[in-house]
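This is what each chain is made of:
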Amino acid sequence: MIKINEMVLPKINNEQLIHRQSPELLTARDLVPLVAKSDSYRRTRNAIENESDTDNRMVAIFNGAEELKNHETKGEYLTLLGHQFNMTSHLVTFMESVQTLNTLDERNASSQERRPFTEAVASFNHALKEMVDDNPRLQYQEVLQFLRETHQAIHGIALNKPFENNVRARLTGIRHEIGVEQMLYQIPDIEIEETTVQDDLQGGDIRVSLDGVHFYNIDIKASAFTAERRRQDAAYHGSSRIIIWSHLDEGDFNGSFHIPSETASKKAPELFREIKSAIFSRRGSVALKMS
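Residues numbered from 1 in each chain as written. Predicted model: local features only at pLDDT ≥ 70, side-chain atom pairs only at ≥ 80, totals over all residues. Heavy atoms only, no water.

**Quick word on the pairing of strand β4 (residues 206–209)**
Step number 1: Residues I206 and V208 point to one face of β4 and R207 and S209 to the other, with burial holding for every one of them.
Step number 2: Bridging between strand β3 (residues 191–193) and β4 involves 3 bridges; their strand directions are antiparallel. Each bridged residue has a counterpart across the sheet, and for E193 the counterpart in β4 is R207.
Step number 3: Taking the residues that link successive antiparallel strands as the turn, the β4-strand β5 (residues 215–221) hairpin has 5 residues, and the phi of G212 there is positive, at about 80°. (Buried < 20%, exposed > 50% of the residue type's maximum accessible area, 1.4 Å probe, protein only. Helix = DSSP H or I, 4+ residues; strand = E, 2+ residues; numbered from the N terminus. Pairing = 2+ DSSP bridges.)

**Thoughts on unusual backbone geometry**
Step number 1: In this model, H247 sits at a positive phi of 65°, which is unusual for a non-glycine residue.
Step number 2: Looking at the secondary structure, you find H247 in the loop between β6 (242–245) and α11 (261–290).
Step number 3: For H247, a relative accessible area of 7% gives the class buried.
Step number 4: Positive phi, close to 50°, is recorded for N254, a residue that is not glycine.
Step number 5: Inspection of the secondary structure puts N254 in the loop between β6 and α11.

**Notes on the sheet that holds β4**
Step number 1: With respect to topology, 4 strands assemble into an open sheet ordered β3-β4-β5-β6, the strand pairing being mixed. The open sheet has two edge strands, β3 and β6, and neither has a second partner. The sheet shows a mean angle of 40° between the axes of neighbouring strands, taken without regard to direction.
Step number 2: Where helix α8 (residues 160–184) meets the sheet, its contacts fall on β3, β4 and β5, and the angle it forms with β4 comes to roughly 20°. (Axes fitted to C-alpha atoms, helices over the stretch in contact; angles between N-to-C directions. Contact = heavy atoms within 4.5 Å.)

**Considerations on the confidence of the model for the protein**
Step number 1: When pLDDT is averaged along the protein, the result is 87, and 89% of the positions lie at 70 or above.
Step number 2: Scored below 50 in pLDDT, residues 5–22 shows 30 contacts in the model against residues more than four places distant or in partner chains.
Step number 3: Counted against residues more than four places away or in other chains, residues 286–291, with its pLDDT under 50, gives 0 contacts. (pLDDT = per-residue confidence, 0-100.)

**Let's talk about the pattern of salt bridges**
Step number 1: Applying the stated criterion across every chain, the model contains 18 salt bridges.
Step number 2: Here R175 and E250 are joined by a salt bridge, their closest N and O atoms 2.7 Å apart. Of this pair, R175 sits in helix α8 while E250 is found in the loop between β6 and α11, placing the two residues 75 residues apart along the sequence.
Step number 3: Here E250 falls in the partly exposed class, since its relative accessible area comes to 38%.
Step number 4: As a salt-bridge pair, D233 and R230 come within 3.8 Å of each other at their nearest N and O atoms. Of this pair, D233 and R230 are both found in helix α10 (residues 224–236), 3 residues apart, which corresponds to roughly one turn of the helix.
Step number 5: The class of R230 is partly exposed, set by a relative accessible area of 37%.
Step number 6: One salt-bridge network, in which partners are shared between bridges, spans K129, E177 and E181. (Salt bridge = Lys/Arg side-chain N within 4 Å of Asp/Glu carboxyl O.)

**Comments concerning helix α7 (residues 140–155)**
Step number 1: Look at α7: 22 Å from first C-alpha to last across 16 residues, which is about the 22 Å you get at 1.5 Å a residue.
Step number 2: All of the buried residues along α7 are Y140, V143, L144, F146, L147, T150, H151 and I154. Projection of α7 onto a plane perpendicular to its axis shows the buried side chains occupying an angular sector of 160°, all on one side.
Step number 3: Those residues of α7 that are buried are in contact with α1 (28–36), α3 (53–69), α4 (80–91), α5 (94–106), α6 (111–134) and α8.
Step number 4: Two residues or fewer past α7, G156 is found with a positive phi of approximately 85°. (Expected span 1.5 Å × (residues − 1). Arc of directions from axis to C-beta.)

**A word on the environment of F94**
Step number 1: The residue F94 is located in helix α5 in this model.
Step number 2: Separated by 26 residues in sequence, F94 and A120 have C-alpha atoms that sit 7.0 Å apart.

**As for the pairing of β5**
Step number 1: Counted residue by residue, β5 has 6 buried out of 7 residues, so it is predominantly covered.
Step number 2: Summarising the sheet, β4 and β5 pair through 4 bridges and their orientation is antiparallel. Along β5, the bridge assignment pairs S209 with F215.
Step number 3: Two strands pair when backbone bridges link them, and β5 and β6 are joined in this way by 4 bridges, in the parallel orientation. Pairing of K221 across the sheet is with W245, part of β6.
Step number 4: Crossover handedness for the path β5 to α10 to β6: right-handed. (Right-handed = clockwise from strand over helix to strand, strands pointing away.)

In structure tokens form, the structure reads like this:
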């Protein structure tokens, strides 16, 4: 296992950094060499102690991408290139975390044992959503291609298929979350709050409030069938999670991660009614448990 957290990032003392402001994604062919030219990458590669060359390279990529990310900001926000460096560092350990979770699930491991890996996957999801949400011009296929090619540049071709299958599902979920947020911004009677990695761990794709005080995590699903199945599973396990279908079809996105404003306005009322009903139902169930 690559022990990223145990590495100490070297003090940044860079030469002139290559700084590009571009509205388009860099390809892995351009991006990965930039990481390999960073001071952090070179210093890590020259400091192999009690680890394999492969693990050292993985940590070097992580350190280099993290360093370059910190130089790609506009105010408090990352540039598109900064987001790409951020995703590159996450891609170092993403599939290892996914595969470890699969193994732990097979033997019914405790939530405490699973936690480091669930947090890593949740952080990946959060970073990916921030990238596409901050850059509305990005298209689904170009983001998928960027992730696929960058992952292959880091890890080789062996995990191409499982990685693509996994990340496709995440990209689809993210576009539906963003579409729901766009719809809810049309409703004056509801407030939306930024989610955190911890919210994601609890099944919270978005956080909403009807009164500005009590916020609820909402789990968004890309199809009515999946939402209903998950609600049944939750009820069987005694969970009060609020699970909602996005009320969107893939065609509503036109290949993007965002929906047209007219689509948001048209579909928002029905979505709001379902969310409001689910929140009132949960309030009632909580009140019954307390009585």
